[in-house]
Amino acid sequence: MNVKEFAERLDLKILVEGDLDREITDCYIGDLLSWVMGRAPENSAWLTVMGNINSIAVATLADVSCIVLTENAALDADAKSKAELMGVNILITEENSYKTAVKLSKLLAQ
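Criteria and cut-off values
- Residues numbered from 1 in each chain as written.
- Predicted model: local features only at pLDDT ≥ 70, side-chain atom pairs only at ≥ 80, totals over all residues.
- Heavy atoms only, no water.
- Buried < 20%, exposed > 50% of the residue type's maximum accessible area, 1.4 Å probe, protein only.
- Helix = DSSP H or I, 4+ residues; strand = E, 2+ residues; numbered from the N terminus.
- Right-handed = clockwise from strand over helix to strand, strands pointing away.
- Pairing = 2+ DSSP bridges.
- Axes fitted to C-alpha atoms, helices over the stretch in contact; angles between N-to-C directions.
- Parallel < 35°, antiparallel > 145°, perpendicular 65-115°, else oblique.
- Contact = heavy atoms within 4.5 Å.
- Nonpolar A, V, L, I, M, F, W, Y, C, P; charged D, E, K, R; others polar.
- Polar contact = N/O pair within 3.5 Å; in protein donor to acceptor, adjacent residues only side chain to side chain.
- Arc of directions from axis to C-beta.

Student: Explain the pairing of strand 4 (residues 66-69) to me, please; I cannot follow it from the model alone.
Tutor: Each regular strand carries side chains that alternate between the two faces of the sheet. Residue alternation in strand 4 divides its side chains into two sets, Cys 66 and Val 68 and Ile 67 and Leu 69, and both sets are buried. Handedness of the crossover joining strand 3 (residues 44-48) and strand 4 through helix 3 (residues 53-62) is recorded here as right-handed. For strand 4 and strand 5 (residues 89-92), the ladder comprises four bridges, and the chain directions are parallel. When the sheet's bridge partners are listed, Val 68 is paired in strand 5 with Leu 91.

Student: Please explain the packing of helix 3 against helix 4 (residues 77-86) as it appears in this structure.
Tutor: For any two helices packed against each other, one specifies the inter-axial angle together with the distance between the axes. At a closest axis distance of 7 Å, the pairing of helix 3 and helix 4 adopts a crossing angle of 25 degrees. In terms of orientation, helix 3 lies roughly parallel with respect to helix 4. Judged by residue contacts, Ile 53, Ile 56 and Thr 60 of helix 3 engage Asp 78, Ala 79, Lys 82, Ala 83 and Met 86 from helix 4. Class assignment of the residues belonging to the contact of helix 3 with helix 4 gives a composition of five nonpolar, one polar and two charged.

Student: Which parts of the structure should I look at to understand the environment of Cys 27?
Tutor: Inspection of the secondary structure puts Cys 27 in strand 2 (residues 26-29). Separated by 17 residues in sequence, Cys 27 and Ser 44 place their C-alpha atoms 4.8 Å apart. Apart from residues no more than four positions distant in its own chain, Cys 27 is found in contact with Ser 44, Ala 45, Leu 47, Ala 101 and Leu 104.

Student: Got a minute to help me understand the side chain of Asn 2 in this structure?
Tutor: Considering the arrangement of structural elements, one finds Asn 2 in the segment before helix 1 (3-9). Within the structure, the side chain of Asn 2 is placed 3.1 Å from the backbone nitrogen of Lys 4, a separation counted as a polar contact. Excluding its chain neighbours within four sequence positions, the residues that come into contact with Asn 2 are Leu 20, Asp 21, Arg 22, Glu 23 and Ile 24.

Student: Would you explain the pairing of strand 2 in this entry?
Tutor: Sheet analysis places strand 2 next to strand 3, joined by four bridges and oriented parallel. What sits directly across from Asp 26, in strand 3, is Ser 44. Taken together, strand 2, helix 2 (residues 33-39) and strand 3 constitute a β-α-β crossover, and its handedness is right-handed.

Student: Looking at this structure, how should I read the side chain of Thr 48?
Tutor: If you trace the backbone, Thr 48 turns up in strand 3. At 3.0 Å, the side chain of Thr 48 forms a polar contact with the backbone nitrogen of Met 50.

Student: Explain helix 3 here, please?
Tutor: Note on helix geometry: an α-helix contains 3.6 residues per turn, so any two residues three or four positions apart are oriented the same way. Buried within helix 3 we find Ser 55, Ile 56, Val 58, Ala 59 and Ala 62. Angularly, the buried residues of helix 3 cover 165 degrees about the axis, an arc narrow enough to put them on a single face. Of the surrounding elements, those touching the buried residues of helix 3 are helix 2, strand 3, strand 4, helix 4 and strand 5. The backbone nitrogen of Asn 54 has a side-chain oxygen 3.0 Å away, supplied by the residue at the start of helix 3, namely Asn 52. At the exit of helix 3 stands Asp 63, carrying a positive phi of roughly 60 degrees.

Listed below in structure tokens is the structure:
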């Protein structure tokens, strides 16, 4: 499933559009950036509440397919600008990380 399909199927709002055709093959939940940087699988949807510029750097280094800001976490202006520059997909949902991950897991299992 790609990022665009993921956003449509879970009714996620797209805040920053990078490559929406990028495939999602896994999911990772984490807010401790140094932990995520070393452990998030490539091509995963990264679920977090961290919407700052450092998150964009981590997403790029970990080569995730997208960042999903859960619980309507804010994306700051600097982070948005950097994400647009780097082509990082950023989505947002009002649901928490657990509920979003469960839904994604079911979609990936199909």
